[in-house]
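Chain residues, written in single-letter form:
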Amino acid sequence: MATSFSLGSRAAAGLTATEAMLPVALGALIVVLLVGALVLRVRRSRRPAVLVDGSNVMYWHGETPDIRTVRRVVRRLEKDGFRPGVMFDANAGYLLFGKYTHDPGFARHLNLPEDRIMVVPKGSQADGHLLAAAADMGARIVTNDRFRDWADRYPFVTEKGRLMRGGFQSNRLHLDN
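Being a predicted model, the structure only gives us computed values, none of them experimental.

**Student:** When you look at the nonpolar core in this model, what are you seeing that I'm missing?
**Tutor:** Nonpolar side chains tend toward joint burial in soluble globular proteins. Counting residues in hydrophobic clusters, the biggest one holds 26 residues, and the most contacted among them are Val70, Leu77, Val86, Phe88 and Val142. Breaking this core down by element, the ones donating at least two residues are β1 (49-53), α4 (67-79), β2 (83-88), α5 (92-97), α6 (103-110), β3 (117-119) and β7 (172-175). Here the element with the most residues in this core is α4; it accounts for five residues. If near-sequence neighbours (up to four positions away) are discounted, Phe88 is found in contact with Gly54, Ser55, Ile67, Val70, Phe106, Leu110, Met118, Val119, Val120 and Ala126. Of all hydrophobic cores here, the second largest spans 18 residues; its members include Met87, Ala126, Phe147 and Phe156.

**Student:** Would you mind showing me how to read α6 here?
**Tutor:** Because the α-helix completes a turn every 3.6 residues, residues three or four places apart line up on one side. Of the positions making up α6, those classed as buried are Asp103, Gly105, Phe106, Ala107 and Leu110. Those residues of α6 that are buried lie in contact with α4, β2, α5 and β3. Where α6 ends, the next residue or the one after it, Asn111, has phi of about 55 degrees, a positive value.

**Student:** I'm lost on the sheet that holds strand β4 (residues 140-142) in this one. Help?
**Tutor:** For sheets, the rule is that strands pair by backbone hydrogen bonds, running either parallel or antiparallel. The strand order across the open sheet built from five strands is β3-β2-β1-β4-β5, with neighbouring strands paired in parallel fashion. Among the strands making up the open sheet, the edge pair consists of β3 and β5 (163-164). Relative to β2, β1 runs parallel, the two sharing five bridges. Bridge pairing in β2 links Ala49 to Arg83. Packing against the sheet, α4 makes contact with β1, β2, β4 and β5, and its axis sits at approximately 155 degrees to β2. Packed on one face of the sheet, helix α7 (residues 126-137) meets β1, β2 and β4 and runs near 170 degrees to β1.

Thresholds, definitions, all that
- Residues numbered from 1 in each chain as written.
- Predicted model: local features only at pLDDT ≥ 70, side-chain atom pairs only at ≥ 80, totals over all residues.
- Heavy atoms only, no water.
- Core = buried A, V, L, I, M, F, W, Y, C linked by side-chain atoms within 4.5 Å.
- Buried < 20%, exposed > 50% of the residue type's maximum accessible area, 1.4 Å probe, protein only.
- Helix = DSSP H or I, 4+ residues; strand = E, 2+ residues; numbered from the N terminus.
- Contact = heavy atoms within 4.5 Å.
- Pairing = 2+ DSSP bridges.
- Axes fitted to C-alpha atoms, helices over the stretch in contact; angles between N-to-C directions.

Set out below in C-alpha cells:
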C-alpha cells in the first residue's frame, strides 16, 4: 500500500503532489530571476556597484524608519562615484508609508530608476537575496548588519571593506569606506 499525505484543497481539486508543488517552485524561480535582474541592472555601469540594505539604512538617523535617510545615503554614494542598487524587505513599505510598496513606489521616493530597486517577496528577508546578489557582482553592501548568521555561506562578509558601515553624527552622514 502506498503512503499518502494530505494536500488539502489541492488534493480535492485532483492535483498530484508534483502539481501541488508547482506554485512553490515557480515562486522560487521568480525570486531567482528578480535577484538576477537587479544584479544585471546595477552591473551595467562602469561605476562600481554597491548594494544598499534599505531595510537597515532606513533606521540610521533616529529610531524611526525614514525614507529620507535612504535617499541621503543613495545621493552620497552617487556623489562618491558608485552606482547604487537598493534592496528592501517586503514589509518596508508598511514601516515607512503604512502600506505595501513595491519597486516603482520606492523608485519614485528615492529618485532612482525602477530597475535599481528590489522589494523581496513577502515571506522572505532581503538578507539572503542581498548577499547572493553582492556575491555574484563582487559588490560592496552598505549596511550596519554584520550578517554573522550568513558568514559560512557568504564568507566575503568577513572581508575588510565589503560591508560599508555608516550612520549620522550631528546630523551629518558618514560612510566608512
